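Take a look at the letters that make up each chain.
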Amino acid sequence: MSAAMIWVVSPTSEVCNGLGFLDGRLKNVGRNRRLVRRVVANPSGNLAISSEQLVYDVVLKQAALVKEQMRSREEDVEVKPDVVLPGTLGLLSEAYDRCGEVCAEYAKTFYLGTLLMTPERRKAIWAIYVWCRRTDELVDGPNASHITPKALDRWESRLEDLFNGRPFDMLDGALSDTVSKFPVDIQPFKDMIDGMRMDLKKSRYENFDELYLYCYYVAGTVGLMSVPIMGIAPESNVPTESVYNAALALGIANQLTNILRDVGEDARRGRVYLPQDELAQAGLSNEDIFAMNVTDKWRFFMKKQIKRARTFFDQAEEGVTQLSSASRWPVWASLLLYRQILDEIEANDYNNFTKRAYVSKPKKIVALPIAYAKSLVPPSSRKLASN
């Protein structure tokens, strides 16, 4: 179950239904203490770096890129040259228009939110959305059964080419132009492709550390891709990496919610995206999931999983107000709409085997003006919780 997303909207089928907000690792509570605690021993007894540390290293790199661009602008130095595309400026405009059409078709609510952004940011977000969707469809689309690791290797080579100003097609050209104008690092894009590789070879996750890394790959990466486009509010006083952490937390929260919503669907495909050790602690096994019976043990297990997802949503909320004012609305809408899926799972008595939790249209309509009102709240000077 892969899910390309944008700390904003997901290119999964949920998008087509109007939810449109990205699927989705970070933990709160003192980054330094957690990193020490999350340096774990592998089976051979050697110390291994946790997934959270690996992801945080990417966060720091992306934040450094943004800070460098800000310094360059202050010095009136051009950060990157315009990419030279095969064709004309008209072709580039057509490419962005096509990206907008795809976004409007598959992520209707999010698309409307992007119309509040500046033209440059709006087009850039569309380009990233389309690349994420195309990447996701490699393993979840109609030709998924024919996708091999070599095909993903070729896709990664295309990614490297477009970052170097050599796009393969029109849609690649839009992203190539985007990354030439904004401080976007290639690593989150490569990490998303690694998430697709995991989907080809892995159908079980031994613990949350493994699941965390998967969630980062297929969903949290989009936060790192999109924050440089959406921009941080000039009046924000929090560290840049704190905003990225919050974006990452939303991606993880959305992906965990996807996993909890789709337990039955994934089980029918022979997949279990739940921590095996936590299942065992609750007295459950994969066989219980395949049997699809809602028991007291299952309800107890699900309550803990939902609580964890909500913790990530809480962390994400702390950073949304730090974004530029024109970018906050789609992010708030994503957060509020996706968070409600957890409420629906509870309303279904934790039956995510045969009942699909979804947010009704009336509830969506109510949530959107609330999201807009929240987007008007200026950045808080309160220090964000570090991870």
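On a predicted model such as this, the values are computed, not experimentally measured, just so you know. (Residues numbered from 1 in each chain as written. Predicted model: local features only at pLDDT ≥ 70, side-chain atom pairs only at ≥ 80, totals over all residues. Heavy atoms only, no water.)

J.: Where do I start with the overall build of the chain in this structure?
T.: Within the chain, the regular secondary structure consists of 17 helices and two strands. Counting every position in the chain, which comprises 387 residues, the buried fraction comes to 58%. For the chain, the computed accessible surface area is about 16,300 Å², with 53% contributed by carbon and sulfur atoms. (Helix = DSSP H or I, 4+ residues; strand = E, 2+ residues; numbered from the N terminus. Buried < 20%, exposed > 50% of the residue type's maximum accessible area, 1.4 Å probe, protein only. Areas by Shrake-Rupley, 256 points an atom, 1.4 Å probe, with all protein chains shown as cover.)

J.: Could you clarify how one ought to interpret unusual backbone geometry in this entry?
T.: Even without a glycine there, the phi angle at M292 is positive, about 60 degrees. Structurally, M292 can be placed in the loop between α14 (286-291) and α15 (296-320). The backbone phi angle of D349 is positive, close to 60 degrees, even though this residue is not glycine. Within the fold, D349 resides in the loop between α16 (328-347) and α17 (361-375). Note on D349: relative accessible area 36%, which makes it partly exposed.

J.: What should I look at first to understand a nonpolar patch on the surface in this one?
T.: There is a patch of nonpolar side chains on the surface, built from L116, Y372 and L376 and spanning about 310 Å² of accessible area. Looking at where Y372 falls in the secondary structure, it is placed in helix α17. (Patch = residues over 30% accessible without salt bridge, like charges linked within 9 Å, V, L, I, M, F, W, Y side chains within 5 Å. Salt bridge = Lys/Arg side-chain N within 4 Å of Asp/Glu carboxyl O.)

J.: Would you mind going over the pattern of salt bridges with me for this structure?
T.: Once their charged atoms are close, side chains differing in charge can pair, the charge on each being opposite to the other. Counted by the stated rule, this structure contains 29 salt bridges. Here D169 and R134 are joined by a salt bridge, their closest N and O atoms 2.7 Å apart. With D169 in the loop between α7 (149-163) and α8 (170-181) and R134 in helix α6 (residues 119-140), the pair connects residues that are 35 residues apart, well separated along the chain. Overall, D169 belongs to the partly exposed group, its relative accessible area being 25%. Between R197 and D153 there is a salt bridge, with the nearest N and O atoms lying 2.9 Å from each other.

J.: Any chance you could explain helix α10 (residues 208-230) here in plain terms?
T.: Its maximal kink placed at Y217, α10 deviates by approximately 50 degrees. α10 sits mainly inside the fold: 22 of its 23 residues count as buried. Two or three places before D209, at the start of α10, stands the capping residue N207, its side-chain oxygen 3.2 Å from that residue's backbone nitrogen. (Bend = angle between axes of the 7 residues up to and from the residue. Polar contact = N/O pair within 3.5 Å; in protein donor to acceptor, adjacent residues only side chain to side chain.)

J.: What should I look at first to understand the side chain of R328 in this one?
T.: Tracing the backbone through its elements, the reader meets R328 in helix α16. Despite its burial, R328 pairs with no opposite charge, the nearest such side chain being E235 at 4.0 Å. A distance of 2.9 Å separates a polar atom in the side chain of R328 from the backbone oxygen of L323. Dropping the residues within four chain positions of it, R328 is found in contact with A233, E235, V320, T321, L323, S375, L376, V377, P378 and P379. (Lys, Arg positive; Asp, Glu negative; His and termini not counted. Contact = heavy atoms within 4.5 Å.)

J.: Before we go on, may I ask you to explain the packing of α6 against helix α9 (residues 187-201) in this structure?
T.: Each pair of packed helices can be described by the angle between their axes along with the distance between the axes. One way to put it is that α6 packs onto α9 with a least axis distance of 9 Å and a crossing angle of 20 degrees. The orientation of α6 with respect to α9, classified from their angle, is roughly parallel. The two elements α6 and α9 cross, and the hand of that crossing is right-handed. Mapping the contact onto sequence places I128, W131, C132, T135, D136 and V139 in α6 and F189, M192, I193, M196, D199 and L200 in α9. (Axes fitted to C-alpha atoms, helices over the stretch in contact; angles between N-to-C directions. Parallel < 35°, antiparallel > 145°, perpendicular 65-115°, else oblique. Left-handed = near helix turned anticlockwise from the far one by under 90°.)

J.: Looking at this structure, I do not really get the packing of aromatic side chains. What am I missing?
T.: Two measures describe an aromatic ring pair: the distance that separates the ring centres and the angle between the ring planes. Scanning the model with the defined rule gives twelve aromatic pairs in all. Between F208 and Y212 the ring centres are 6.1 Å apart and the planes differ by 75 degrees, which places this aromatic pair in the edge-to-face class. Taken together, the positions of F208 and Y212, both in helix α10 and four residues apart, correspond to about one turn of that helix. Considered together, F208 and Y212 belong to a single accessibility category, that of buried residues. With 6.3 Å between their ring centres and 40 degrees between their planes, F208 and F312 make a pair best called tilted. With F208 in helix α10 and F312 in helix α15, this residue pair connects regions lying 104 residues apart in the sequence. Judged on exposure class, the residue F208 and its partner F312 are both buried. Taken together, the ring pairs in this structure connect W131, W155, F163 and F189 into an aromatic cluster. A cation sits over an aromatic face here: K123 above Y96, 5.0 Å from the ring centre. (Phe/Tyr/Trp six-rings, centres within 6.5 Å; stacked < 30°, edge-to-face > 60°. Lys NZ or Arg CZ within 6 Å of the ring centre and 35° of its normal.)

J.: Explain the packing of α6 against α7 here, please?
T.: At a minimum axis distance of 11 Å, the contact between α6 and α7 shows a crossing angle of 165 degrees. Overall, the two elements α6 and α7 adopt an arrangement that is roughly antiparallel. Note that α6 runs across α7; the crossing there is right-handed. Contacts from W131, R134, T135 and L138 of α6 reach α7 at L152, W155, R158, L159 and L162.

J.: What is the right way to look at the nonpolar core in this model?
T.: As a rule of thumb, soluble globular proteins bury nonpolar side chains together. Within the largest apolar cluster, 107 residues are counted, with the highest numbers of intra-cluster contacts made by W131, Y216, L274, I289 and W298. Ranked by the residues each element gives to this core, the list is headed by α10, at 16 residues. In this structure W298 touches V263, L274, L279, L284, I289, N293, Y350, N352 and F353, once residues within four positions along its chain are discounted. (Core = buried A, V, L, I, M, F, W, Y, C linked by side-chain atoms within 4.5 Å.)

J.: I tried to follow the side chain of D172 on my own but got confused; where do I start?
T.: Locating D172 in the fold gives a position in helix α8. At 2.8 Å, the side chain of D172 forms a polar contact with the side chain of R158. Ignoring sequence-local partners within four residues, the contact set of D172 consists of R134, R158, L162 and P167.

J.: Looking at this model, I keep getting lost on the environment of A347. Mind explaining?
T.: Looking at the secondary structure, you find A347 in helix α16. On the basis of relative accessible area, A347 is assigned to the exposed category, the value being 59%. For the pair formed by A347 and A357, sequence separation is ten residues and the distance between their alpha carbons is 8.6 Å.

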